[in-house]
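Single-letter residue listing:
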Amino acid sequence: MSRFCKRAGLILIFVTPIALSQQEEEPNLGGEDILSDEIIFDDNLFGNVFDESPNNNEESWLEGFTVRVSQQFYGQVNNHSVEPLPGFSFPRKAEMENNRLGLNIRYQNAFAPGWLLQASGQTRAYWNEDYEYRANGGKIDAEYRVNEFFLQRSFEQNSFKFGRQTVVWGETVGNSVLDVINHIEFRDMTIIDIEDARLNQWMVVWDYFGEDSNWSSFINLYPEFNPAPVRGSPFFFEPQFNLTDYKRDGDAIFEVGTQWRKSFDLSDISFMAAYLYENQLRYEDPINNIGDALAKKNDFILLGFSANRAIGRLLLNFDLAFSHNVLADNFNLPGISSLASPLDLEKDQIGTSFGFEWAPDNDQSLSLGIQAQKVLDEDKGLLPGQQLVNEGVFGSWLVRYSNIFLNNDLTLASTLQGDLEGDSLLAMLSVNYTIDDNWTVEAQVISINSNSNSPLIFFDEDLRIGTTISYSF
Amino acid sequence: MISRGIKLVTGSIFLITFAGNTLGQDLNGFDIMKLVDDAQRAANDSSFNRMQLSSCKFGVTDGRITCAERPRVKSLESVAKNYGPELMDTKSVTITIEPAAERGVGMLSFAYDETGRDNETWLYLSALGRVKRIASGDSDEETEPASLFGSEFTTEDTETGKLEEYTINLLEETTTAGRDVWKIEMIPYEERARKTRYSRQVHYIDKERYVGLRSEMYDQYGKEVKRLMASRVELVNDIWMARSLTMMNLVTNRLSNMAFVEIYTDLDIQDEFLTQRTLTDAAYRETELENLRAQLN
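Each value, and the rule that gives it
- Residues numbered from 1 in each chain as written.
- Chains lettered and ligands numbered in written order.
- Predicted model: local features only at pLDDT ≥ 70, side-chain atom pairs only at ≥ 80, totals over all residues.
- Helix = DSSP H or I, 4+ residues; strand = E, 2+ residues; numbered from the N terminus.
- Buried ≥ 20, exposed ≤ 12 C-beta atoms within 10 Å, placed from the backbone.
- Expected span 1.5 Å × (residues − 1).
- Contact = placed C-beta atoms within 7 Å.
- Core = buried A, V, L, I, M, F, W, Y, C linked by C-beta atoms within 7 Å.
- Pairing = 2+ DSSP bridges.

Chemist: Would you mind showing me how to read unusual backbone geometry here?
Modeler: Excluding glycine, most residues fall at negative phi; most peptide bonds, likewise, are trans. For the bond from Glu98 of chain B to Pro99 of chain B, the omega torsion is 5 degrees, close enough to zero to count as cis. Among the structural elements, Pro99 of chain B can be located in the loop between β5 (89–98) and β6 (106–111). At Asp249 of chain A, a position not held by glycine, the phi torsion is positive, near 50 degrees. Mapped onto the elements of the fold, Asp249 of chain A is located in the loop between β9 (213–220) and β10 (255–264). Phi is positive for Arg232 of chain B, close to 55 degrees, though the residue is something other than glycine. Among the residues examined, Arg232 of chain B registers 13 C-beta atoms within 10 Å and is labelled partly exposed.

Chemist: Before we go on, may I ask you to explain helix α1 (residues 29–44) of chain B in this structure?
Modeler: An α-helix turns once every 3.6 residues. As a result, residues three or four positions apart point the same way. The terminal C-alpha atoms of α1 of chain B lie 23 Å apart, and with 16 residues this matches the ideal 22 Å at 1.5 Å per residue to within 8%. Following α1 of chain B by one or two positions, Ser46 of chain B adopts a phi angle in the positive range, close to 50 degrees.

Chemist: When you look at helix α5 (residues 282–296) of chain B in this model, what are you seeing that I'm missing?
Modeler: The first and last C-alpha atoms of α5 of chain B sit 21 Å apart over 15 residues, in line with the 21 Å expected at 1.5 Å per residue. For α5 of chain B, the full list of buried residues reads Ala282, Ala283, Tyr284, Arg285, Glu286 and Glu288 of chain B. Looking at the packing, one finds that the buried side of α5 of chain B touches β4 (95–112), β5 (115–126), β6 (141–155) and β7 (158–165) of chain A together with α4 (277–280) of chain B.

Chemist: Would you take a moment to explain the nonpolar core for this structure?
Modeler: Grouped burial of nonpolar side chains is what soluble globular proteins tend to show. Counting residues in each nonpolar core, the largest one holds 62 residues, and the members touching the most others are Phe58, Ile205, Val211, Ala230 and Met241 of chain B. Broken down by element, the residue count for this core peaks at seven residues, all from strand β14 (residues 239–249) of chain B. In terms of nonpolar packing, the next biggest core, distinct from the first, is built from 13 residues, Val177, Phe218, Met272 and Leu302 of chain A among them.

Chemist: Looking at this structure, I do not really get the pairing of strand β21 (residues 439–450) of chain A. What am I missing?
Modeler: Taken residue by residue, a regular strand's side chains alternate between the two faces of the sheet. Residue and element names in this part refer to chain A. Here eleven bridges tie strand β20 (residues 424–434) to β21, and the two strands are oriented antiparallel to one another. Considered in β21, the bridge of Ser430 is made with Gln444. The hairpin formed by β20 and β21 contains four residues between the paired strands.

Chemist: Would you take a moment to explain the pairing of strand β10 (residues 179–188) of chain B for this structure?
Modeler: Residue and element names in this part refer to chain B. Sheet topology places strand β9 (residues 166–176) next to β10; ten bridges connect them, and they run antiparallel. Counterpart to Glu172 in the pairing with β10 is Lys183. What sits between the antiparallel neighbours β9 and β10 is a turn of two residues, in which Ala177 has the positive phi angle 50 degrees. In this sheet, strand β11 (residues 200–206) lies alongside β10 in antiparallel orientation, the contact comprising six bridges. Paired with Met186 across the bridge in β11 is Gln201.

The analysis is restricted to geometry; functional conclusions fall outside its scope.
See below:
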């Protein structure tokens, strides 16, 4: 921990002179002077923007690039022990988890009328003490990933996008029951928002922009599934059998869906329907207990409705989802299933997410989202003695608050999330300081509390602190 | 992170900044402000603007207003068009060009002239992956109207029309910035007073060019809380307009300058461009923007 704190301190020392160097000679801020008619205002204060000739020239293709370089330190700082079962405990030592340099590149180029190419990717270098460094045998490791990569063609009322992309449904921010199309990866505790966890997939998306309403339809040509935890990450545990991706064996699987959306005065509504695969694979023990765990996929039908309503500075959100033939036990993992849990039992499920966003002024915003789901006909198909993993109403809640200070340069944000049963609570506090148009620095504190009824029991009393410094251009 | 308070720059910028040609002189305060308002709407109809929005903490050094810190600068492109039977409503879309971290952030806004009807705003953020409605609503004397892109300009400062909701008095004829001006006072009636933070506004209108050169905004306690300064008054398409507007917040000592770097009006803008499609369909947006740019040459 001490080494971690030293590194964090080094970053702050590094950053502070940058911020201070921008402070020019402090002018008089007295209100009386400013109100005097003798005070001269000269808009050259903001540079000679009017002296520059209008730029109607062809843009260089290089101008389509946006680049962000970031260095992140993150660690669990609370030495403690966790007792998931009575009499069974294990230590949780304070240690560095993330020490990594990231490069994110985004490119967008409308290279011809009606055509657009968009791509984004990231690379990470894992330094000493990063969990990926340790998992790599104590050697520096690197990883590359393509995120978006699509070609768009728009003509008349239509737009087609071919390639890797995301499709987002639902109005509730952060925990919508309709936001299930793309698979997700919460790789470690630095990613707790679904907006950061969503992964792109190979799709064709067709948008039709009608006079009064819009249609958006997609075909996912290569459905992917939530990846298993990366070895060494806080979410990784040594399974009895290796958790592998779904083995397609030549299967041509696909997903398809469509959404109709219309805006009214102060309100938007949409209806949707889709044939999907559950993003979470179901793992079973291998045959004869030899080899890797068996990954099973499950297809289901989703019907949904979403709406919002603006009332002054309050925005109400509502989502409704009906899922036909979802697995009642899709979080099954080899070695921990029991005969009390049903296997391969398909159920219908209804879910809703609703909440509000409220901005009392220009600096503060508050949002609340509640997600609640229920398996229908719970007892149907259960053998004597079996019970569902999720009985009754289950779900989560999410509260986000942010406040802006120092002329929009400092943002204080907090997130609280937990399950409806009150078994766990994750609290996050972050401070983001924009040094200038290129440099930002962010610090986060994340605390988790849980009882043994929640999977988060393995992170009970964890306290993480971290900082990230970024340069964008 | 994008401020929750950012708000689309509507095409109809600032009640007092654009004006028509010289008219007769036997005008009362309402007549003058009505002419300014009408000219403003005309100047913004079917327009394409490139703007630079700069904000900083300010102070006074050697008798001059200066920034106490490096200004934060945003580059924006905005397209606006008027609608409705008398072209009193405005639809506009604004795209952020710089800084890099906010590039591509787009906002669509429908500003309605009708009394009591809330304006509407939608935002597109690539991180969200979808169009999102923003509840901006009306403000009141206790709550602050939504800010424009985190600047000191607010939605209330951008509103046009609704002059009937004010008592408008011509106070005197005087001079400011070396120009002969009418000093006009606007006091909201009871219903309007419930929706505004300003209990009184004073505008200085150039008598020759019908351009507002300065405005003072007072709170419910009679204290001046904001001041708007206009400069670089130029004739654009036969309409005098101020290309540089600076809003000084006298409570926070922060100012924002909006520089209209390029202004083009009377363009052929497709109605479909001022819809949510422009936010999500980048191929369409860029094609239509190219068509607009072609009209500029």
